[in-house]
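# Fold and contact review
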Amino acid sequence: MAGHNKWSQIKRKKGALDAKRSKIFTKLIKEITVAVKVGGSDPDGNPRLRLAIQLSRAANMPKDNIERAIKKGEGSDAGDYHEVTYEGYGPSGVAVFVECLTDNINRTVQNLRTMFNKSGGSLGTSGSVEYLFDRKGVFVAKLDPEQPVNEDELLLDLADGGAEEVEFEEGYVTIYSAMEDFGAMQKKAEELQLDLESAELQRLPQTTVKVEDPEVVRKVLKLIDALEDDDDVQKVYHNLELSEEVLAELE
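About the cut-offs
- Residues numbered from 1 in each chain as written.
- Predicted model: local features only at pLDDT ≥ 70, side-chain atom pairs only at ≥ 80, totals over all residues.
- Heavy atoms only, no water.
- Patch = residues over 30% accessible without salt bridge, like charges linked within 9 Å, V, L, I, M, F, W, Y side chains within 5 Å.
- Areas by Shrake-Rupley, 256 points an atom, 1.4 Å probe, with all protein chains shown as cover.
- Salt bridge = Lys/Arg side-chain N within 4 Å of Asp/Glu carboxyl O.
- Lys, Arg positive; Asp, Glu negative; His and termini not counted.
- Charge placed at Lys NZ, Arg CZ, Asp CG, Glu CD.
- Buried < 20%, exposed > 50% of the residue type's maximum accessible area, 1.4 Å probe, protein only.
- Helix = DSSP H or I, 4+ residues; strand = E, 2+ residues; numbered from the N terminus.
- Contact = heavy atoms within 4.5 Å.
- Domains from an automatic or database assignment.
- Buried area = accessible area lost by both parts, 1.4 Å probe.
- Polar contact = N/O pair within 3.5 Å; in protein donor to acceptor, adjacent residues only side chain to side chain.
- Phe/Tyr/Trp six-rings, centres within 6.5 Å; stacked < 30°, edge-to-face > 60°.
- Pairing = 2+ DSSP bridges.
- Axes fitted to C-alpha atoms, helices over the stretch in contact; angles between N-to-C directions.

## A short note on a negative patch on the surface
- Taken together, the side chains of E151, D152, E153, D157 and D160 present a region of like negative charge at the surface.
- A relative accessible area of 32% places D157 in the partly exposed class.

Pasting the structure below:
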């Protein structure tokens, strides 16, 4: 889990600098639309929609955009989206798992295959890397510096909701739960009025691949960025671990 945490820190800082808001909105709107189509337009009875709305607000998406996405999900023009996953290897054998929402599977798989090939990696078959990841609930909440938190008390409260592991770092608390406890953990976070910046099911690597060559690392990061930039891609997971030395060279 250490490699995952390091990457989370890097992405949090990197994302603040270069995130493309339009891309973020596109992915969130698609998630809202699909959530409504699958589970209805009432957030109270549709946890997936409630979470999508919560994340959209956290991304400062205008209320009108959220409402239009909900109405689109209710209508006949919601689109025939497929939830599909792809697996492969990047340079130096870094495992990459990609989750997509697409209305054209042929387009998506061709785009992904091209990205992997350009990086020197390859798109694999189903199951080729999935076994290297554990599916967990991951919640990241921002702590209010003006309201100090009693960490021991919060740990006990979170454990009641199903937290398996809790980390406090740099004004944030990160909570990990079993996939089956995601809903209960989300409710507990809401009860505790935590300021969630993200709440999602993630695929955490069981083991990581440490790459020491900065040029190879750049190729891996370029592949990950290209995948994340694709409109059909919702989430990208990998098992790359960066040493402090390599990270320093990249900065």
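## As for the pattern of salt bridges
- Counting across every chain of the model gives 14 salt bridges.
- Close ionic contact of R203 with E130 constitutes a salt bridge, the shortest N to O distance being 3.6 Å. Here R203, found in strand 7 (residues 195–205), pairs with E130, found in the loop between strand 3 (122–123) and strand 4 (133–142); they are 73 residues apart in sequence, far enough to count as distant.
- Taking the relative accessible area as the measure of exposure, R203 reaches 11% and is therefore buried.
- Looking at E130, the relative accessible area reads 38%, which means it is partly exposed.
- The partner of E215 in a salt bridge is R218, with the nearest N and O atoms 2.8 Å apart. Taken as a pair, E215 and R218 lie in helix 8 (residues 214–229) at a separation of three residues, close to a single helical turn.
- Here the salt bridges do not stand alone but share partners, grouping K30, D103, R107 and D232 into one network.

## Brief notes about the environment of V166
- Residue placement: V166 occurs in strand 5 (residues 163–169).
- Once you skip the residues sitting within four places of it in the chain, V166 turns out to touch L155, L158, V173, T174 and I175.

## Things to note about the domain arrangement of the protein chain
- According to the domain assignment, the protein chain consists of domain 1 (16–74), domain 2 (82–131 + 206–250) and domain 3 (134–204).
- Facing the six residues of domain 1 at the interface are seven residues of domain 3.
- Carbon and sulfur atoms supply 48% of the area that domain 1 and domain 3 bury against each other, a total of about 540 Å² over both sides.
- Put simply, domain 1 and domain 3 have one salt bridge between them.
- Taking the shortest distance from any N to any O, the salt bridge between R50 and E190 comes out at 3.3 Å.
- Joining domain 1 to domain 3, the criterion identifies one residue pair in polar contact (both at pLDDT 80 or more).

## Things to note about the packing of aromatic side chains
- On inspection of all chains with the given rule, the structure shows two aromatic pairs.
- When the centroid spacing of 5.0 Å and the interplanar angle of 25° are considered together, the rings of F139 and F182 count as stacked. With a gap of 43 residues between them, F139 in strand 4 and F182 in helix 7 (residues 182–191) connect regions that are remote in the sequence.
- Judged by relative accessible area, which is 12%, F182 ranks as buried.

## Observations regarding the sheet that holds strand 4
- Sheet architecture is open: four strands sit in the order 5-6-4-7, paired in antiparallel fashion. Looking at which strands have only one partner, the edges of the open sheet turn out to be strand 5 and strand 7. Along the sheet, successive strands turn relative to each other by an average axial angle of 20°, direction set aside.
- Two strands pair when backbone bridges link them, and strand 4 and strand 6 (residues 172–178) are joined in this way by seven bridges, in the antiparallel orientation. Its bridge partner being in strand 6, V140 is matched across the sheet by T174.

## Quick word on the pairing of strand 1 (residues 82–89)
- With eight bridges joining them, strand 1 and strand 2 (residues 95–102) adopt antiparallel strand pairing. Bridging from a neighbouring strand, E87 pairs with F97 of strand 2.
- Here strand 1 folds back onto strand 2 in antiparallel fashion, the turn holding five residues, of which S92 has a positive phi close to 60°.
- Where strand 1 lies against strand 3, two bridges are found, and the strand directions are antiparallel. In the sheet register, G88 faces strand 3, and the bridge partner there is L123.

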